[in-house]
Amino acid sequence: MGTPTALRKERSVLTGTSFANNTTGAITAQMVRQFVESGMGGYATIYSPVGTPASQAIATASTVTIDWNADSVGANGPDDTGTVGVSVGSDADFANDWIKIYDKGFFMVNLGISFAQTGTDTVIWTFRIGTSVDGASITYPGYDCAVQRVAATLDNMVSISGIIDTTGHTTYTNVLAQVKHADSGSENFQMHYGQMSVFRVG
C-alpha cells in the first residue's frame, strides 16, 4: 500500500472557508487509514521510574541532554510504534533521550522531573525543552524553568509545558529535555523520577 502520509493541514488551511465541506462523499479507504494513523500517532512518553539513579555529571555552563537511562531502567510509555512508526506518528525513544515526531502539526510537550544533586553547593539548575528538526542543531522554543538547589538531601521538582510547531520539518522533529547550571565547577545531577510526553493538539 506504500508509505502512508499523515492527513494533516496547517492551521491556516483549517480555518474559514479554505477547507471546504465534503459534499461528494469521495473518501477512500486509504484516506481513512491515513487519518486514523495520524490520530493514533499523536502521542508518546519516555520516563525514568527507578527512584535511585546514577549521577550524570554536568560541566559548568554546559547545556546537556538529560540521560533517561542513566540508571539502566529508562522506559517508553505506550505509544504508536507499529510498522508505520518509521514515517507516521510519534515514537518514544528513551535510549536516545528523545521523542521523535513524524507528523506535521502542533504538539503539547509536558516535562516533569524529581531530581537531586550530590554536592552541597547552592546551585541554580535551568531545565529546557529543545527540538531538533531533521537532525539539525538543537533550538529552544523558550520553555525553560530554573530551580535553586540548596542541599543534597532533598528532592526538588521541575515542571515545564508548552506547544511546539512541527509543520516545518521534512521528515521528523526530535524533542529533548536538557539541563544546565552556572556553578563554578562540575555538578552531579540525579533524576530520581521523570517523564516527558508529547501529544497532538492541532
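Structure report, in brief. Predicted model, so just to flag it, every value in this text is computed and none were measured.

Attention shifts here to the pattern of salt bridges. Within the structure shown, the criterion is met by 2 salt bridges. Of the charged contacts in the structure, one is a salt bridge between Asp103 and Arg200, with a shortest N-O distance of 2.5 Å. Highlighted residues: Asp103 in the loop between strand S6 (98-101) and strand S7 (106-117) and Arg200 in strand S12 (residues 187-200), separated in sequence by 97 residues. Like Asp103, the residue Arg200 is buried in the burial classification. A salt bridge links Arg128 to Asp144, with the shortest nitrogen-to-oxygen separation between them at 3.2 Å. With a gap of 16 residues between them, Arg128 in strand S8 (residues 123-133) and Asp144 in strand S9 (residues 144-149) connect regions that are remote in the sequence. On the accessibility criterion, Arg128 (16% relative accessible area) is buried.

Residues Tyr43, Ile163, Phe199 and Val201 make up a contiguous nonpolar surface patch of about 330 Å² in total accessible area. When you line up the elements, Tyr43 lands in strand S1 (residues 43-48). With relative accessibility at 36%, the residue Tyr43 sits in the partly exposed group.

A ring pair, where both rings are aromatic, is described by two values, the distance of the centres and the angle of the planes. For the structure shown, the criterion picks out 5 aromatic pairs. Members of the aromatic cluster, joined through ring pairs, are Phe115, Trp125, Phe127 and Phe189. The ring of Tyr172 is capped by Lys100, whose NZ or CZ atom sits 3.6 Å from the centre of that ring. Over the face of the ring belonging to Tyr140 we find Arg128, whose NZ or CZ atom lies 3.7 Å from the ring centre.

So, on to the nonpolar core. Membership of the largest hydrophobic core comes to 29 residues, with the highest contact counts inside it found for Ile66, Trp68, Ile113, Phe127, Phe189 and Met196. Among the secondary structure elements, those contributing two or more residues to this core are S1, S6, S7, S8, strand S10 (156-165), strand S11 (173-181) and S12. The greatest single-element share of this core, amounting to 5 residues, is contributed by S7. With near-sequence residues (within four places) excluded, Trp68 lies in contact with Ile46, Tyr47, Ser48, Gly74, Phe94, Asp97, Leu111, Ala177, Met191, Gly194, Gln195 and Met196.

Criteria and cut-off values
Residues numbered from 1 in each chain as written. Predicted model: local features only at pLDDT ≥ 70, side-chain atom pairs only at ≥ 80, totals over all residues. Heavy atoms only, no water. Salt bridge = Lys/Arg side-chain N within 4 Å of Asp/Glu carboxyl O. Helix = DSSP H or I, 4+ residues; strand = E, 2+ residues; numbered from the N terminus. Buried < 20%, exposed > 50% of the residue type's maximum accessible area, 1.4 Å probe, protein only. Patch = residues over 30% accessible without salt bridge, like charges linked within 9 Å, V, L, I, M, F, W, Y side chains within 5 Å. Areas by Shrake-Rupley, 256 points an atom, 1.4 Å probe, with all protein chains shown as cover. Phe/Tyr/Trp six-rings, centres within 6.5 Å; stacked < 30°, edge-to-face > 60°. Lys NZ or Arg CZ within 6 Å of the ring centre and 35° of its normal. Core = buried A, V, L, I, M, F, W, Y, C linked by side-chain atoms within 4.5 Å. Contact = heavy atoms within 4.5 Å.

Purely geometric stuff here, so don't read any function into it on its own.
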